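Reading the structure
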Amino acid sequence: MGFDLTSESGAYLRFSPSGWALALNLAGHYGWLPEGTTLRQSESGAESTEWSGEYATNDGQRVSASDANALAGACERALADAEYAEVVSDTLRRISEAVAAQVPDRTAERVVDPDVAQKFRGRLEELIAFCRSGSFIIE
């Protein structure tokens, strides 16, 4: 499973589950306040009233242009932070602990590649450019 992001202009970006989780968590750390996603209208034209506004599923939900722009801004702040590498390591540790708490017999011990922050920098740059193009769908 991955996360396929497609903009209304046809731009495409794919994230692994761990990469998407890291991007969303970093954005939150740097001030992104998610507006919440919306589901596309059903064939009958009605929108689901039971939708949670989730970003971490791939149900065809839509991220608005203003939310995408705010997400891009938070990612830019992340990249500009002198403490970026430390924040990435801490965020990965917290994600690992949260997963371990949800999955029986899984420990939170995870060796973090010391270069992961640098490697992820390019992914954030791609996400920034993608988000600046407007609203998108998560599938």
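To keep things clear, this report deals only with the structure shown in the data block. This structure is a prediction, so every number in the text was calculated from the model and none was measured. All residue numbers here refer to positions counted from 1 along the written sequence of the relevant chain. Selection of residues for local features in this predicted model requires a pLDDT of at least 70, selection of side-chain atom pairs for listing and counting requires 80 or more, and totals for whole chains, interfaces and linings are taken over all residues. The basis for the side-chain values is all heavy atoms of the structure; hydrogens and waters are excluded.

**Some details on the sheet that holds strand β3 (residues 38-39)**
If you walk across this open sheet you meet the five strands as β2-β1-β5-β4-β3, and the pairing is antiparallel. On the outer flanks of this sheet lie β2 (12-15) and β3, each paired with one strand and no other. Any two strands are treated as partners once DSSP identifies two or more bridges connecting them. Here a helix means four or more residues in a row that DSSP labels H or I, a strand means two or more in a row labelled E, and each is numbered from the N terminus. In the sheet, β3 pairs with strand β4 (residues 61-63) via two bridges, with the strands oriented antiparallel. When the sheet's bridge partners are listed, L39 is paired in β4 with Q61. Lying over the sheet, helix α4 (residues 116-131) contacts β1 (3-7), β2 and β5 (136-138), oriented at roughly 145° with respect to β2. Here, two residues are considered to be in contact whenever any of their heavy atoms come within 4.5 Å of each other. Lines fitted to C-alpha atoms define the axes, with helix axes restricted to the stretch in contact, and inter-axis angles between N-to-C directions lie between 0 and 180 degrees.

**Some thoughts on the packing of aromatic side chains**
A pair of Phe, Tyr and Trp rings is counted when the ring centres sit within 6.5 Å of each other, with Trp represented by its six-membered ring. The angle between the planes then sorts it: under 30 degrees is stacked, over 60 is edge-to-face, the rest tilted. What the rule picks out here adds up to four aromatic pairs. With 5.0 Å between their ring centres and 80° between their planes, W32 and Y55 make a pair best called edge-to-face. In this pair, W32 sits in the loop between α1 (17-29) and β3 while Y55 sits in the loop between β3 and β4, placing the two residues 23 residues apart along the sequence. The pair W32 / Y55 is uniform in exposure class, with both members buried. Taken together, the ring pairs in this structure connect F3, F15 and W20 into an aromatic cluster. In this structure, R121 packs its charged tip against the face of Y84, placed 4.6 Å from the ring centre. Comment: the charge-over-ring label is applied if NZ (Lys) or CZ (Arg) is within 6 Å of the ring centre and within 35 degrees of the ring normal. Between the NZ or CZ atom of R123 and the centre of the ring of F15, over which it lies, the distance is 4.2 Å. Throughout, exposure labels follow a simple rule: accessible area from a 1.4 Å probe, protein chains only, divided by the maximum for the residue type, with under 20% read as buried, over 50% as exposed, and the rest as partly exposed.

**Details of the pairing of β1**
Burial runs high along β1: four of the five residues are buried. The pairing of β1 with β2 spans four bridges and is classified as antiparallel. Bridged to T6 within β2 is Y12. In sequence, β1 turns back onto β2 through a hairpin of four residues, with G10 there showing a positive phi of about 100°.

Functional significance is not addressed by these values, which are geometric in nature.
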